[in-house]
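The chain contents come next:
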Amino acid sequence: MAANTEVVFVDGVRTPFGRAGEKGMYWNTRADDLIVKAMIGLLERNPNVPKDRIDDVAIAATTQQGDQGLTLGRTAAILAGLPKTVPGYAIDRMCAGAMTSVTTVAGAIAFGAYDLAIAGGVEHMGRHPMGFGADPNPRFLSERLVSEDALNMGKTAERIHDRFPHLTKERSDRFAMNSQRKVAAAYEANRIQPDLVPVAIRSDEGWGLATRDELMRPETTMEGLAGLRTPFRPHGRVTAGNSSGLTDGATVSLIASADAAKELGLTVKMKMVSFAFSGVDPEIMGIGPVPSTEKALRKAGLTIDDIGLFDLNEAFAVQVLALLDHFGIDDDDPRVNPWGGAIALGHPLASSGVRLMIQLARQFEEHPEVRYGLTAMCVGLGQGGSVIWENPHYTGKRKK
């Protein structure tokens, strides 16, 4: 078997992201139908891919129960019309589920065991709230392995503000407002819509079609954000406005070996350079992308100055700011989330990692002067995940 085969990102699509809960557009939609719809859209967009050549299907979900359980990769593969010979499995690394789906199949491709794989994630937070039905071991608290705050993501974000007082609420609010504005501008320029797969939805009014992300608030102002309540702590700094909303949605990608992509005439959107996951204290889980990014850079033989585009998951504004501060990057650096992020689009936990990759791939097309990009995210219970990608359109010339 070949060793260290080059791994490439061929394509990725996603459903529009909807508001979780009874008022959200996917309240009457099954979780597995969301991921199946995304998979069908991906396969229709890549007709050159022989379905029987797909070696595996890795689909992530955080709360694996009901219509979001039952070895999701296998059931979704069957429902999406793949041959019964194509296997599949489920993955859980909370927020980094889809990212881990990609890196796991990438490892199999790099080893030479796979040529083609589908990797993605789904989260229906309306039907399956994070941690619903979970039974954390009492030792976590009785033996003081973690504090109670560690199991509440909003409280961990407040802890980052505590640890780094210079990361003020005003900075978080401004970052959040800019995320909303950047997403609105990206929508206006039709940059996001080409990778959205429409989903039929049912409500009391009848049938409709989901074609846009539901949480966007382009009218957001600093004054409006300043007045929001702080649900995780009296007089706190984390609000609904500077955090990602509870969201439903699915993402999926086609990952391949460079040789298989060439054989099948597939366009390569990105080349994988390195990836890393790291652990941190669960109480401050939001700083997880700092050590994972350092590790991924070290493995790639790169420095942060080599990264020309950043797509960072905005679980909370303060955790993105913590990474930027660590690496000496300005809050409003144009390389960072140029089309906005999860504060405006939403963060359907296990699916978000591939959304970052979809956007970075599109940005690479517009920026041939950029050679390397980073997708990174914090992960519940004290982890971080980072993937470094190379731009196949890189020319080395500055964009005019």
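If you look the protein up in an unreviewed UniProt entry, it shows as acetyl-CoA C-acyltransferase from Diaminobutyricimonas aerilata. Comment text from UniProt for the protein, heading Sequence similarities (unreviewed entry), reads "Belongs to the thiolase-like superfamily. Thiolase family."

K.L.:
Describe the overall build of the protein, and please don't skip the residues or the numbers.
P.N.:
What the protein contains, in helices and strands, is twelve helices and twelve strands. Against the globule reference of 21 Å for 400 residues, the protein gives a C-alpha radius of gyration of 20 Å, in line with a compact fold. For the protein, the spread of C-alpha atoms along the three principal axes comes to 60 × 55 × 50 Å. Counting every position in the protein, which comprises 400 residues, the buried fraction comes to 57%.

K.L.:
Please provide a residue-by-residue account of the layout of surface pockets, values included.
P.N.:
There is about 860 Å³ of room inside the largest pocket. The wall of the largest pocket is formed by 32 residues, among which Ala240, Ser243, Ser244, Gly245 and Leu246 lie closest to the centre. Those elements giving two or more residues to the lining of the largest pocket turn out to be helix H5 (153-163) and helix H7 (222-226). Residue composition of the lining of the largest pocket, grouped by class: 17 nonpolar, eleven polar and four charged. Volume-wise, the second largest pocket comes out at about 380 Å³.

K.L.:
Describe the environment of aspartate 325, naming the residues involved and giving the relevant values.
P.N.:
Note on placement: aspartate 325 falls in helix H10 (residues 317-326). Its relative accessible area of 29% is what places aspartate 325 among the partly exposed residues. A C-alpha to C-alpha distance of 30 Å links aspartate 325 and glycine 120, two positions 205 residues apart in sequence. Excluding anything up to four places from it in sequence, aspartate 325 contacts His166, Leu167, Arg171 and Asp331.

K.L.:
Give me the lowdown on the UniProt feature "domain: Thiolase N-terminal" (unreviewed entry) in the protein, citing residues and values where you can.
P.N.:
In this numbering, the UniProt entry assigns the feature "domain: Thiolase N-terminal" (unreviewed entry) to residues 7-258. As a span, residues 7-258 carries 31% helix and 19% strand, and end to end its C-alpha atoms are 6 Å apart.

K.L.:
So what's going on with empty space enclosed by the protein? Residues and values would help.
P.N.:
Any space left empty among the atoms is revealed by the rolling of a water-sized probe across them. Tallied over the entire structure, the rule returns two cavities of 30 Å³ or more. If you add up the space inside the largest cavity, you get close to 60 Å³. In this structure, the largest cavity is lined by Arg14, Arg191, Ile192, Asp195, Leu196, Trp339, Ile358, Gln359 and Arg362. Looking at the lining of the largest cavity residue by residue, the class counts come to four nonpolar, one polar and four charged. Quantified by volume, the second largest cavity comes out at close to 40 Å³. Secondary-structure elements contributing two or more residues to the lining of the second largest cavity are H10 and strand S11 (372-379). For the lining of the second largest cavity, the class distribution of residues is seven nonpolar, two polar and no charged.

K.L.:
Outline the nonpolar core, supporting the account with residue identities and numerical values.
P.N.:
In terms of nonpolar packing, the biggest core is built from 41 residues, with Ile307, Phe310, Leu312, Phe316, Leu324 and Ile388 touching the most fellow members. Only H5, helix H6 (169-188), H7, helix H9 (289-300), strand S10 (307-312), H10 and S11 provide two or more residues apiece to this core. The element that contributes the greatest number of residues to this core is H10, accounting for seven residues. If sequence neighbours within four positions are ignored, phenylalanine 316 has contacts with Met153, Gly154, Ala157, Val238, Asn242, Ser243 and Met285. Counting residues in hydrophobic clusters, the runner-up holds 37 residues, among them Leu43, Leu82, Val86 and Ile118.

Basis of the calculations
Residues numbered from 1 in each chain as written. Predicted model: local features only at pLDDT ≥ 70, side-chain atom pairs only at ≥ 80, totals over all residues. Heavy atoms only, no water. UniProt positions renumbered as here; feature names shortened; annotations may be inferred. Helix = DSSP H or I, 4+ residues; strand = E, 2+ residues; numbered from the N terminus. Rg over C-alpha atoms; globule rule 2.2 N^0.38 Å. Buried < 20%, exposed > 50% of the residue type's maximum accessible area, 1.4 Å probe, protein only. 1 Å grid on protein atoms, 1.4 Å probe; cavity = no way out; pocket = protein on both sides within 12 Å on 5 of 7 lines; lining within 4 Å. Points joined across faces, edges and corners; volume = space filled by probe spheres on them. Nonpolar A, V, L, I, M, F, W, Y, C, P; charged D, E, K, R; others polar. Contact = heavy atoms within 4.5 Å. Core = buried A, V, L, I, M, F, W, Y, C linked by side-chain atoms within 4.5 Å.

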